[in-house]
Amino acid sequence: MSGAKRSGYLFMAAGCAFFLAAYLGAQVAFYGIAAAFIAIGASRMARARRH
């Protein structure tokens, strides 16, 4: 597995963790951070597939 693909999966996992933290802690700000991490992960995954 390439480094970019692995980091994409890790960013997406971090986003899911932030979604869970936002839900459990009732912290609305974490939803935006979670969405950003998932978007970064998707970007990294797309870049790894192109190369």
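Our subject is the structure listed above.
Now for a description of the structure that goes with this document. (Residues numbered from 1 in each chain as written. Predicted model: local features only at pLDDT ≥ 70, side-chain atom pairs only at ≥ 80, totals over all residues. Heavy atoms only, no water.)

1. Section: the packing of aromatic side chains
Then, in step 1: Evaluation of the coordinates by the stated rule reveals four aromatic pairs.
Then, in step 2: Pairing F11 with F37 gives two aromatic rings, centres 5.8 Å apart and planes at 25 degrees, and the pair type is stacked. Of this pair, F11 sits in helix α1 (residues 3-25) while F37 sits in helix α2 (residues 29-50), and the two are 26 residues apart along the sequence.
Then, in step 3: You can call F11 partly exposed: its relative accessible area is 25%.
Then, in step 4: F37 gets classed as partly exposed once you look at its relative accessible area, which sits at 23%.
Then, in step 5: Here the aromatic rings of F19 and Y31 are separated by 5.9 Å at their centres, their planes lie at 50 degrees, and the arrangement is tilted. In this pair, F19 is assigned in helix α1 and Y31 in helix α2, connecting sequence segments 12 residues apart.
Then, in step 6: Following the ring pairs from residue to residue traces out a cluster consisting of F11, F18, F30 and F37. (Phe/Tyr/Trp six-rings, centres within 6.5 Å; stacked < 30°, edge-to-face > 60°. Helix = DSSP H or I, 4+ residues; strand = E, 2+ residues; numbered from the N terminus. Buried < 20%, exposed > 50% of the residue type's maximum accessible area, 1.4 Å probe, protein only.)

2. Comments concerning unusual backbone geometry
Then, in step 1: Phi at A26 takes a positive value of approximately 55 degrees, unusual for a residue other than glycine.
Then, in step 2: Take A26: it is sitting in the loop between α1 and α2.
Then, in step 3: Of the residues examined, A26 reaches a relative accessible area of 62% and is grouped as exposed.

3. Here we look at a nonpolar patch on the surface
Then, in step 1: Side chains of F19, L20, Y23, L24, V28 and Y31 sit close together on the surface and give an oily, nonpolar patch of about 680 Å² of accessible area.
Then, in step 2: Per-element tally for the nonpolar patch: the top contributor is α1, with four residues.
Then, in step 3: What makes Y31 partly exposed here is its relative accessible area of 33%. (Patch = residues over 30% accessible without salt bridge, like charges linked within 9 Å, V, L, I, M, F, W, Y side chains within 5 Å. Areas by Shrake-Rupley, 256 points an atom, 1.4 Å probe, with all protein chains shown as cover. Salt bridge = Lys/Arg side-chain N within 4 Å of Asp/Glu carboxyl O.)

So yeah, pure geometry; function would need other evidence.
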